[in-house]
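Coordinates in review
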Amino acid sequence: MLRRFGHLRSAFTLLEMMAVMAIIALVMGWGMLNIQSSKPGYELEAAGDDLARIMRDMRDLAMLTGRAIRLEFSVASTDEASADGGELKFYWNEPAPGQTLEEFYEETEPFQTTFLNSNVRIGGVVWLTDEDTESRVVVFSRTGVTTPVRFYLFHVHARDTWCTVRMNPLTGQSKVIRGREAAEEYEFVTLRRQNTKS
């Protein structure tokens, strides 16, 4: 009788097999998630989405408050691993109702400072001015019109990995594109018109 029971226990039950398969699936899923989140492209796209969302939020805030907002940022060099190019500072660009100009100009601190992902930097912009200053400015007007600008982001650990963030200056719709998207012809036409007016 004991020998008979010993022969019956020589295989795994269906329940045991399913439990082992479920554990293997969980471990593989967790491993794939870790691999995907560590990719530079994933971090870069996530930072691009964050930048686009922040810009939309600031445009909405300018329209809601009736005050223009100024974004100041710096552009990092891909040759050096500097901390520049990841900090975004937001300032009010005009006085609040009832605020004097003297009070307004005494405000030197940004009302909000935001940082991109620690591995992502702003490596370039398509700008509508010929100025080549270290600090760059984007203005969100109270009417919803935004300075036309195109951001190029790069990953500090994969400097050949880029993404482009652009925002429609009239509608506020933003788009994140893998790689360095070339500037549109209308941007250069606008640049030429602005330069001839001044």
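Please refer to the structure placed before this passage.
So, how was this worked out
- Residue positions are given per chain, counting from 1 as you read along its sequence in written order.
- Given that the model is predicted, a residue must reach a pLDDT of at least 70 before its local features are reported, and side-chain atom pairs must reach 80 or more before they are shown or counted; all residues, however, enter totals for whole chains, interfaces and linings.
- Heavy atoms throughout the structure, all of them, feed into the side-chain values; hydrogens and water do not.
- Throughout this description, buried means an accessible area under 20% of the type-specific maximum (1.4 Å probe, protein chains only), exposed means over 50%, and partly exposed covers the range between.
- Think of it this way: any DSSP run of H or I at least four residues long counts as a helix, any run of E at least two long counts as a strand, and we number them from the N terminus.
- Here a strand pair is declared whenever DSSP counts at least two bridges between the two strands.
- By salt bridge we mean one thing: a side-chain nitrogen of Lys or Arg within 4 Å of a carboxyl oxygen of Asp or Glu.
- Whenever a helix is involved, its axis is fitted only over the stretch in contact; in every case the axis is a line through C-alpha atoms, and angles between N-to-C directions fall within 0 to 180 degrees.
- In what follows, a contact means two residues having at least one pair of non-hydrogen atoms within 4.5 Å.
- Take the buried Ala, Val, Leu, Ile, Met, Phe, Trp, Tyr and Cys residues and link them wherever side-chain atoms come within 4.5 Å; each set so joined is a nonpolar core.
- Pairs of N or O atoms are called polar contacts if they sit within 3.5 Å, as long as, within protein, a hydrogen donor faces a hydrogen acceptor (for residues adjacent in sequence, only side-chain-to-side-chain pairs).
- Multiply 1.5 Å by the residue count of a helix minus one, and that product is the helix's expected span.
- By definition, no residue in a patch forms a salt bridge, and every one has over 30% relative accessible area; like charges are joined within 9 Å, nonpolar side chains (Val, Leu, Ile, Met, Phe, Trp, Tyr) within 5 Å.
- Note on areas: Shrake-Rupley, 1.4 Å probe, and residue coverage restricted to the protein chains presented here.

1. Side note on the pairing of strand S1 (residues 69-74)
For S1, a buried count of five out of six residues is recorded, marking the element as mostly surrounded by other parts of the structure. For S1 and strand S2 (residues 87-92), the ladder comprises five bridges, and the chain directions are antiparallel. Looking at S2, one finds that Phe 73 is bridged to Leu 88.

2. Observations concerning the pattern of salt bridges
Using the criterion set out here, one finds seven salt bridges in the structure. Between Arg 53 and Asp 57 there is a salt bridge, with its nearest N and O atoms 3.5 Å apart. Taken as a pair, Arg 53 and Asp 57 lie in helix H3 (residues 40-65) at a separation of four residues, close to a single helical turn. Judged by relative accessible area, which is 38%, Asp 57 ranks as partly exposed. Here Arg 150 and Glu 181 are joined by a salt bridge, their closest N and O atoms 2.3 Å apart. Highlighted residues: Arg 150 in strand S6 (residues 150-155) and Glu 181 in the loop between strand S8 (174-178) and helix H5 (185-197), separated in sequence by 31 residues. Judged on exposure class, the residue Arg 150 and its partner Glu 181 are both buried. A cluster of three or more residues bridged by salt bridges with shared partners is formed by Asp 50, Arg 53 and Asp 57.

3. Digging into the sheet that holds strand S7 (residues 158-167)
Here four strands make up an open sheet; going across it, the order is S4-S6-S7-S8 and the pairing antiparallel. What marks the edges here is a single partner per strand, and that holds for strand S4 (120-126) and S8. Sheet twist, expressed as the average angle between the axes of neighbouring strands with direction ignored, equals 25°. Together, S4, S6, S7 and S8 form the strand contacts of H3, whose direction differs from that of S7 by roughly 25°.

4. Structural notes on the environment of Cys 163
Along the chain, the position of Cys 163 falls in strand S7. Those residues within four positions of Cys 163 in sequence are excluded, and the remaining contacts are Leu 44, Gly 48, Phe 151, Tyr 152, Leu 153, Val 176, Ile 177, Arg 178 and Gly 179.

5. Side note on the nonpolar core
The tendency in soluble globular proteins is for nonpolar side chains to be buried side by side. Ranked by internal contacts, the top residues of the largest apolar core, which has 27 residues, are Leu 88, Phe 140, Phe 151 and Leu 153. Of the residues forming this core, the biggest block, eight residues, is contributed by H3.

6. Notes on the side chain of Glu 181
Since its relative accessible area comes to 19%, Glu 181 is described here as buried. Only 2.3 Å separates the side chain of Glu 181 from the side chain of Arg 150, close enough to count as a polar contact.

7. Concerning H3
Compared with an ideal rise of 1.5 Å per residue, which puts 26 residues at 38 Å, H3 spans 37 Å between its outermost C-alpha atoms and is within 8% of the ideal. Those residues of H3 that sit buried are Glu 43, Leu 44, Ala 47, Gly 48, Leu 51, Ala 52, Ile 54, Met 55, Met 58, Arg 59 and Ala 62. Phi turns positive one or two residues past the end of H3, at Gly 66, with a value near 75°.

8. Things to note about the side chain of Arg 67
Note on placement: Arg 67 falls in the loop between H3 and S1. Residue classification places Arg 67 among the buried positions, given a relative accessible area of 10%. Of the polar contacts made by the side chain of Arg 67, one reaches the backbone oxygen of Glu 94; its length is 3.0 Å.

9. A short note on a nonpolar patch on the surface
Residues Val 20, Met 21, Ile 24 and Met 28 make up a contiguous nonpolar surface patch of about 410 Å² in total accessible area. Here Val 20 shows up in helix H2 (residues 14-37).

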